[in-house]
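Spelled out from the first residue to the last, the chains are:
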Amino acid sequence: MKTLHIHIGTPKTATTAIQSFCKENAKVLEKHGYCYPIFPFYYPGNADAHNGKFLLSELFDENGNRDRIQEEKNFREGMDIVLQLFETYDDIVVSDESIWRGMDSEKKGLWQLMKKEAEANGFSLHVVVYFRRQDKYYLSHWNQQVKKLRSEETYEEYANRVGRFRLDYYAKLERMASVIGKECITVRRFDRQEFEGGSIYSDFLSVIGLSLTDEYVVTQEMRNMGLYGNTHEIKRILNGIPQMKDGKWQMYFLDILQDCSEISKKQYPSEMMSKEEISEFLEAYRSGNQKVAEEYLHETGTDLFDYSVSDLPKWEKDNPYFIDDVVRVFGVAVAKLHQENEDLKKELIKDMRKELNEVSAYVRHRKHPFRTVFRWISRKFGGK
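Quick summary incoming for the structure in this document. Positions within a chain are numbered from 1, following the residues in the order the chain's sequence is written. Residues qualify for local features only when their pLDDT is at least 70, as the model is predicted, and side-chain atom pairs are given and counted only at 80 or more; totals for whole chains, interfaces and linings, by contrast, use all residues. Where side-chain values are given, they derive from all heavy atoms of the structure, hydrogens and water being excluded.

## Details of the overall build of the protein
Item 1. Here a helix means four or more residues in a row that DSSP labels H or I, a strand means two or more in a row labelled E, and each is numbered from the N terminus. Scanning the protein from terminus to terminus reveals 14 helices and 5 strands.
Item 2. Radius of gyration means the value over C-alpha atoms here, while the globule rule gives 2.2 Å times the residue count to the 0.38 power. The C-alpha atoms of the protein give 27 Å as radius of gyration, which overshoots the globular expectation for 384 residues (21 Å, by more than 25%).
Item 3. Taken along its principal axes, the extent of the C-alpha atoms in the protein is 95 × 65 × 50 Å.
Item 4. Looking at the 384 residues of the protein, the share that counts as buried comes to 44%.
Item 5. Note on contacts: a residue pair is in contact if any heavy atoms of the two residues lie within 4.5 Å. Contacts spanning at least 24 positions in sequence make up 77% of the contacts within the protein whose residues lie at least 6 apart.
Item 6. To be clear on the numbers: accessible area is Shrake-Rupley with a 1.4 Å probe, and residue cover counts the displayed protein chains and nothing else. For the protein, the computed accessible surface area is about 21600 Å², with 52% contributed by carbon and sulfur atoms.
Item 7. His is not counted, nor are the chain ends, whereas Lys and Arg count as positive and Asp and Glu as negative. By convention, the charge on Lys lies at NZ, on Arg at CZ, on Asp at CG and on Glu at CD. Taken together, the 57 basic and 62 acidic charged side chains of the protein have centroids lying 9 Å from each other. Per-residue accessibility, obtained with a 1.4 Å probe over protein chains only, is compared with the maximum for each type, and a residue is labelled buried under 20%, exposed over 50%, and partly exposed between these values.

Set out below in structure tokens:
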């Protein structure tokens with residue numbers, strides 16, 4: 001039977017790496033009867049490898065109003081493309097991490113709609129979701145907001161809205177399963193030690209019925225490029241300056257901070273929550289996690305996650321290493337500017353020498369007009 005595989009995240013589980021891998025290896029997937037299509041839709045700030053975006057992503061018109069008509073057009077056109085591709089392929093794969101969140105906000109009836117599409121057109125649904133331990137996802141999400149989305153929100157402000165993240169994985173899975181059935185949902189742990197074949201790529205392929213072989217190319221290393229130590233707070237403060245609205249400035253400062261991040265982490269290893277706070281935070285989800293392991297992973301007597309917590313101090317802004325990190329960031333910024341200046345000088349000198357050589361050649365030809373004419377005649381009639 002034809003199958004539409006829908007990878008829905010969750011966020012911060014290497015979803016972008018999986019998407020890039022699938023797009024890059026689209027030809028290999030096609031050889032095995034799988035298609036990872038790129039759709040003709042544009043969603044600001046999203047690469048085309050996020051090919052499941054058309055299922056529920058919001059769109060806005062020039063006045064900033066939500067354009068539900070265009071959203072529906074994209075959905076219909078996208079599904080028509082899927083149906084057309086099913087004439088050639090048995091398996092189609094789409095992926096977008098925003099589905100995990102959006103199915104409870106942007107499009108609450110998504111799974112009812114997808115079930116209707118599947119039944120009407122004779123294909124089956126297969127949903128793939130990766131989970132990481134709630135505290136790790138939660139803290140990583142805040143770090144990402146500061147790092148990439150220019151958030152000025154302090155961790156305390158962020159923590160006051162924890163409810164919006166819907167970290168009760170079991171409750172959300174049950175809402176999906178009530179529509180499409182548990183048998184259509186594959187749950188995977190986002191844990192390097194749990195990955196089938198030792199990598200997220202081999203694990204994901206195994207979930208959709210394939211194996212990672214030498215045919216596939218892996219060019220994007222899965223790395224956690226968060227900001228650690230004090231660098232996340234420095235970036236949060238920098239997010240308030242007007243220059244950060246420019247993407248080039250954003251990347252410039254981010255590059256500097258990432259150069260300093262590992263040093264800051266070693267100097268001041270810390271977490272945004274204390275060991276006791278993390279343990280209390282996790283306790284709220286432990287029962288639901290147990291049900292996920294039992295009912296979706298079919299494991300009896302095992303935990304969904306390793307609940308051990310590192311005994312690191314809680315991050316404090318008035319820590320004794322903050323000034324050191326500020327000076328370090330300043331030093332790296334100056335060093336980068338100096339290097340760029342030196343590179344610019346070398347390039348300028350190179351261009352000036354090139355122009356000087358061209359002028360010198362011109363002057364030499366001007367001094368020897370007959371030689372110039374002779375060379376021209378030779379090239380013209382001598383075939384050189």
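## Digging into helix α10 (residues 231-238)
Item 1. Summarising burial for α10: 7 of the 8 residues are buried, a large majority.
Item 2. Regarding α10, the residues found buried are T231, H232, E233, I234, K235, R236 and L238.

## Side note on the packing of α10 against helix α11 (residues 247-267)
Item 1. Each axis is a line fitted through C-alpha atoms, and for a helix only the stretch in contact is used; angles between axes span 0 to 180 degrees, taken between their N-to-C directions. Contact pair α10 / α11: the axes reach a minimum separation of 9 Å and the direction vectors enclose 160 degrees. Classified by the interaxial angle, the pair formed by α10 and α11 is roughly antiparallel. As for how α10 packs across α11, the hand of that crossing is right-handed. Judged by residue contacts, T231, I234, K235 and L238 of α10 engage Q250, F253, L257, C260, S261 and S264 from α11. Oblique is the label for any angle not covered by the other classes, which are roughly parallel (under 35 degrees), roughly antiparallel (over 145) and roughly perpendicular (65 to 115). By the definition used in this description, the sense in which the near helix is turned from the far one sets the handedness, with an anticlockwise turn below a right angle giving left-handed and a clockwise turn giving right-handed.

## Regarding the pattern of salt bridges
Item 1. Salt bridge, as used here: a side-chain nitrogen of Lys or Arg that lies within 4 Å of a carboxyl oxygen of Asp or Glu. Scanning the model with the defined rule gives 25 salt bridges in all.
Item 2. Between R189 and E299 there is a salt bridge; the shortest N-O distance is 2.6 Å. With R189 in strand β5 (residues 185-189) and E299 in the loop between α12 (275-295) and α13 (322-367), this residue pair connects regions lying 110 residues apart in the sequence.
Item 3. With relative accessibility at 23%, the residue E299 sits in the partly exposed group.
Item 4. Of the charged contacts, one joins E233 and K317 as a salt bridge, the two residues approaching to 2.9 Å between their closest N and O atoms. Within this pair, whereas E233 is found in helix α10, its partner K317 is found in the loop between α12 and α13, the two being separated by 84 residues in sequence.

Shape is all these values report; function is a separate question.
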